[in-house]
Amino acid sequence: MMETTKAPFPIGISPADLFVGQEVDVESRTWAGINKPGGHATIIKVHHDEYSSVPTGVDVKYVLGGRDFAVELTYVKAHVDLNRGSRGRRRDVKMNVGTFGGEQKTTG
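Attention in this report is confined to the structure presented alongside it.

Quick notes on the rules
Residues numbered from 1 in each chain as written. Predicted model: local features only at pLDDT ≥ 70, side-chain atom pairs only at ≥ 80, totals over all residues. Heavy atoms only, no water. Pairing = 2+ DSSP bridges. Helix = DSSP H or I, 4+ residues; strand = E, 2+ residues; numbered from the N terminus. Axes fitted to C-alpha atoms, helices over the stretch in contact; angles between N-to-C directions. Core = buried A, V, L, I, M, F, W, Y, C linked by side-chain atoms within 4.5 Å. Buried < 20%, exposed > 50% of the residue type's maximum accessible area, 1.4 Å probe, protein only. Lys, Arg positive; Asp, Glu negative; His and termini not counted. Salt bridge = Lys/Arg side-chain N within 4 Å of Asp/Glu carboxyl O. Contact = heavy atoms within 4.5 Å. Phe/Tyr/Trp six-rings, centres within 6.5 Å; stacked < 30°, edge-to-face > 60°. Lys NZ or Arg CZ within 6 Å of the ring centre and 35° of its normal. Polar contact = N/O pair within 3.5 Å; in protein donor to acceptor, adjacent residues only side chain to side chain.

A few words on the sheet that holds strand β5 (residues 55–62). The antiparallel open sheet is built from 5 strands, whose spatial order is β6-β5-β4-β1-β7. The sheet terminates laterally at β6 (67–72) and β7 (76–78), the two strands that pair on one side only. Averaged over all pairs of adjacent strands, the angle between strand axes in this sheet comes to 45 degrees, irrespective of strand direction. As paired elements, strand β1 (residues 23–26) and strand β4 (residues 39–48) share 4 bridges and run antiparallel to each other. Directly across from V26, in β4, lies its bridge partner G39.

See below:
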């Protein structure tokens, strides 16, 4: 039987990278009895283990409002800002029979 080892730190974010004011994304935690939708947030406090001083969780303030306290690091990932171009204005294109190769009907 293979023995599985648990990673010492979650894959989402390294404890060395945690600092107050950092923008993070908190995963949704919704299951029976829990309704915490998560979202884009800023770290307001980092909790450390009292014996080893390893970060164990964070307090966050969500950008759209609200706070969450002692969020486990398994649910926290560093925020990646997507550099997207702005949406262009749509052109108003009129369908014309001539452009599609159809025949124009004449009245008369």
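Counting 13 residues, the largest nonpolar core has L18, V24, V26, I43, V58 and V60 as its most contacted members. Elements that contribute at least two residues to this core include exactly β1, β4 and β5.

Secondary-structure assignment places D59 in strand β5. Of the side chains bearing the opposite charge, K45 lies closest to the buried D59, which forms no salt bridge; the N-O distance is 5.1 Å. The contact partners of D59, leaving out residues within four places of it in the chain, are T42, I43, I44, K45, H47, D68, F69 and A70.

Our focus in this paragraph is the pattern of salt bridges. This structure, assessed with the given rule, holds 3 salt bridges. Where K77 meets E27, a salt bridge forms, and the shortest distance between an N and an O atom there is 2.4 Å. You can see K77 sitting in strand β7 and its partner E27 sitting in the loop between β1 and β2 (29–31), a full 50 residues away along the chain. Take K77: its relative accessible area is 34%, and that puts it in the partly exposed class. Here the salt bridges share partners, and the residues they tie into one network are R29, K36 and D68.

This part takes up the packing of aromatic side chains. Under the definition given, this model contains 1 aromatic pair. Judged by centre distance (6.3 Å) and plane angle (35 degrees), the ring pair of W31 and Y75 falls under tilted. One end of the pair, W31, is in strand β2; the other, Y75, is in the loop between β6 and β7, with 44 residues separating them in the sequence. The ring of Y75 carries R29 above its face, with NZ or CZ at 5.9 Å from the centroid.

You can see R29 is positioned in strand β2. In terms of polar contacts, R29 uses its side chain to reach the side chain of D68, at 2.2 Å. When sequence neighbours within four positions are dropped, the list of residues in contact with R29 reads I34, N35, K36, Y62, D68, V71 and Y75.

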